[in-house]
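Listed here are the chains, written in short residue letters.
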Amino acid sequence: MSKLAFENPDVNTLADQLEDFLISHESTLTFFKQSASGPEVMGDNYLPFVTEDPDPYRELYRIGSFYCVAIGQGSYYHAGLFGPLPVLGSEYRAIVYSTLVEDDQTFDQRMKGWNYLISCFFFHESLLPIVNQNRDEIEALFEFFFRKRSKLATIKEKNIQKLKQALLSIIQV
């Protein structure tokens, strides 16, 4: 008699795999660099939730603008980890890390060769306890990332995705 592949499955392993998949699928990492036309997206260019606007890129632009003004507060350019912050009245939150990085292509002479970068890790609010519990580790990860990449030109898509995977490994239980 043949044994079916799904007999006696390790239910806990399957549940863990499903939970890991959902966490990574519903979490995004988006960087916003400053440009002449406002915040420009680097990294994930979508939101893991439905918005009122059919164009999620417009919503990302709104979020980037809001966080840049709220955290940057004009020309103060606060650096460090902030949040979790609410995201567009959704069931999602963002933990935001901001920093100044060198930028050879500075569009604004007042920035004197620097760009203000906002990194937003979007996640479902059900993960708030885990994110809050691991806040120091998350901040250390961002600090390490930007110590190795202090120039905007060195921040590539593959680096952002590796950072996202490292963040996910911190919050997956």
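Just so it is clear, the structure is predicted and the values come from calculations on it, not from any experiment.

Colleague: Residues and numbers for the overall build of the protein, please.
Modeller: If you tally the helices and strands in the protein, you get five helices and five strands. Ordering the α and β elements of the protein from the N terminus gives α-β-β-α-β-β-β-α-α-α. Counting every position in the protein, which comprises 173 residues, the buried fraction comes to 42%. Residue pairs in contact within the protein that sit at least 24 positions apart in sequence constitute 61% of those at least 6 positions apart. When the accessible area of the protein is evaluated, it comes to approximately 10,100 Å², of which 53% is carbon and sulfur surface.

Colleague: Quick one: what's the story with the sheet that holds strand S3 (residues 80-86), residue by residue and with numbers?
Modeller: Taken together, five strands build an open sheet; the order of strands is S2-S1-S5-S4-S3 and the sheet is antiparallel. Bordering the open sheet on either side are strand S2 (38-43) and S3, each of which pairs with just one other strand. On average, each strand axis in the sheet is inclined to that of its neighbour by 25 degrees, with strand direction left out of account. Strand contacts of helix H2 (residues 56-72): strand S1 (28-35), S2, S3, strand S4 (92-102) and strand S5 (114-124), with the helix running at about 115 degrees to S5, the strand carrying the most contacts.

Colleague: Outline the nonpolar core, supporting the account with residue identities and numerical values.
Modeller: Counting 26 residues, the largest nonpolar core has Phe-31, Phe-142, Phe-146, Ile-155 and Ile-171 as its most contacted members. When residues of this core are traced back to their parent elements, those giving at least two are S1, S4, S5, helix H3 (128-133), helix H4 (135-148) and helix H5 (157-171). Counting residues per element, this core draws most heavily on H5, which supplies six residues. Setting aside its immediate chain neighbours within four residues, Phe-31 contacts Glu-40, Val-41, Met-42, Leu-117, Ile-118, Ser-119, Phe-145, Phe-146, Ile-155, Ile-160 and Leu-163. Phe-49, Cys-68, Tyr-116 and Phe-122 belong to the second largest nonpolar core, which has 17 residues in total.

So, how was this worked out
Residues numbered from 1 in each chain as written. Predicted model: local features only at pLDDT ≥ 70, side-chain atom pairs only at ≥ 80, totals over all residues. Heavy atoms only, no water. Helix = DSSP H or I, 4+ residues; strand = E, 2+ residues; numbered from the N terminus. Buried < 20%, exposed > 50% of the residue type's maximum accessible area, 1.4 Å probe, protein only. Contact = heavy atoms within 4.5 Å. Areas by Shrake-Rupley, 256 points an atom, 1.4 Å probe, with all protein chains shown as cover. Pairing = 2+ DSSP bridges. Axes fitted to C-alpha atoms, helices over the stretch in contact; angles between N-to-C directions. Core = buried A, V, L, I, M, F, W, Y, C linked by side-chain atoms within 4.5 Å.

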